[in-house]
Amino acid sequence: MKLALEAPVLHTLAIAGRDERFPVNRVFCVGRNYAAHAREMGKDPDREPPFFFMKPAAAVVDAAAPTSVPYPPKTKNYHHEIELIIAIGRGGRDIPVAQALDHVYGYAVGLDMTRRDQQFALRDKGRPWDVAKGFDWSAPISPVKPIGTTGEITAAQIFLSVNGQRRQGSDVSNLIWSVSETIEHLSRYFELRPGDLVFTGTPEGVGAVVKGDELDGGVAGIGTLKVRIV
């Protein structure tokens, strides 16, 4: 097959302890999946069905080593959101909760970087969040840690510091929708495929960053990342 244009770059992530790399297909994100974060965003944290948005694979930044990301244009309120990420290794549709973990390749730690001013303006007009969430360099991600090493993740500290000062801190057990429940819901709308990533939501404490800030975050037992805003 002869292509009319050069094929897009395949974005990949490091895999902890292995030479292979994880190929990124699609990037899904769960909105407001920690009650305390829903409250700080001015929303009701009741256990309503989860909602999803997406980032392009091109937004992914391999943060296996300390890395830098540029402060994006068109925002004056650039926020951090630390999250546990599910890496899908086996595809499927209408996956029941009891079988969800059979589809998980592993877990990673990610930052859902957000143009918060753009998000609020779009939200208030009932418009999609694409320019607020899906811009270049908006998804730094740690190496993927295989589930065979981690086991099921139902409780683990999740944290983020900016310039050495703790901003976000919670536990994955506080997710409104668990990993398995999230997979069940998402697979009702999309046929999940190997290489898909799912950001599971961020805890309370999100806030603005500026050029020169150093972000250090992680999930206990999964990994850490270090990102500098330039």
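Everything in this summary refers to the structure shown in the same document. Position numbers for residues start from 1 in each chain and track the written sequence from start to end. Totals for whole chains, interfaces and linings use every residue, but because this is a predicted model, local features are given only for residues with pLDDT of at least 70 and side-chain atom pairs only at 80 or more, for both listing and counting. Excluded from the side-chain calculations are hydrogens and water; all other atoms, namely the structure's heavy atoms, are used.

### Digging into unusual backbone geometry
Positioned with a positive phi, D94 is a non-glycine residue whose angle comes to about 50 degrees. Locating D94 in the fold gives a position in the loop between β8 (82-88) and β9 (104-111). In this structure, N163 is a non-glycine residue whose phi angle is positive, near 55 degrees. In this description a helix means any DSSP run of H or I spanning at least four residues, a strand means any run of E spanning at least two, and both kinds are numbered starting from the N terminus. Checked against the element boundaries, N163 lands in the loop between β13 (157-162) and β14 (165-171).

### Observations regarding helix α2 (residues 116-124)
Note on classification: 1.4 Å probe, protein chains only; a residue is buried when its accessible area is under 20% of the maximum for its type, exposed when over 50%, partly exposed between these limits. All buried positions along α2 are accounted for by R116, Q119 and L122. Down the axis of α2, the smallest arc covering the buried residues is 130 degrees, so these residues share one side. Downstream of α2 by a residue or two, G126 has a phi angle that is positive, lying close to 70 degrees. Summarising the geometry, the arc corresponds to the directions from the helix axis toward the C-beta atoms.

### Focus: the nonpolar core
By nonpolar core is meant a set of buried Ala, Val, Leu, Ile, Met, Phe, Trp, Tyr and Cys residues that side-chain atoms within 4.5 Å join together. Ranked by size, the top nonpolar core spans 39 residues in total, and within it I183 and L215 carry the most contacts. Sorting the residues of this core by element identifies β3 (27-31), β8, β9, β13, α5 (179-189), β17 (214-219) and β18 (223-229) as the ones contributing at least two each. Sequence-distant contacts of I183, that is, excluding residues within four places in its chain, are made with I86, I88, I95, A100, V104 and L192. Any two residues having at least one pair of non-hydrogen atoms within 4.5 Å are treated as being in contact.

### So, the pattern of salt bridges
A pairing counts as a salt bridge when a side-chain nitrogen of Lys or Arg comes within 4 Å of a carboxyl oxygen of Asp or Glu. In total, this model carries eleven salt bridges according to the counting rule given. The shortest N-O distance in the salt bridge between E81 and R116 comes to 2.7 Å. Residue E81 is found in the loop between β7 (78-80) and β8, and its partner R116 is found in helix α2; the two are separated by 35 residues along the sequence. For E81, a relative accessible area of 3% translates into the label buried. Of the charged contacts in the structure, one is a salt bridge between D112 and K133, with a shortest N-O distance of 2.8 Å. One end of the pair, D112, is in the loop between β9 and β10 (114-115); the other, K133, is in helix α3 (residues 130-133), and 21 residues separate them in sequence.

### Concerning the sheet that holds β17
Pairing between strands requires that DSSP locate at least two bridges from one strand to the other. The strand order β6-β18-β17-β13-β14 describes an open sheet built from five strands, whose pairing is mixed. With one partner strand each, in any of the chains shown, β6 (67-69) and β14 form the two edges of the open sheet. Taken pair by pair, the neighbouring strands of this sheet meet at an average axis angle of 20 degrees, ignoring direction. As defined by bridge partners, β17 adjoins β18 across six bridges and the pair is classed as antiparallel. In the sheet register, E214 faces β18, and the bridge partner there is R228. Orientation is described by lines fitted to C-alpha atoms, with helices fitted over the stretch in contact, and by angles between N-to-C directions that extend from 0 to 180 degrees.

### Regarding α5
The periodicity of an α-helix, 3.6 residues per turn, causes residues three or four positions apart to be oriented the same way. Of all eleven residues in α5, eight are buried; the element is thus mostly enclosed. When α5 is considered as a whole, its buried residues turn out to be V179, S180, T182, I183, E184, H185, L186 and S187. The inward-facing, buried residues of α5 abut β3, β4 (51-55), β8, β9 and β15 (197-199).

### Concerning the sheet that holds β10
Read across the open sheet, the three strands follow the order β10-β7-β16; overall the sheet is antiparallel. Looking at which strands have only one partner, the edges of the open sheet turn out to be β10 and β16 (207-208). Here β7 runs beside β16; their pairing, made up of two bridges, is antiparallel. Bridge pairing in β16 links H80 to G207.

### Thoughts on the pairing of β9
Burial analysis of β9 places seven of its eight residues in the buried class, the great majority of the element. Pairing of β8 with β9 involves seven bridges; the strand directions are antiparallel. When the sheet's bridge partners are listed, E83 is paired in β9 with G110. Relative to strand β12 (residues 145-146), β9 is paired through two bridges, and the arrangement is antiparallel. From the neighbouring strand, G106 faces β12, where its bridge partner is P146.

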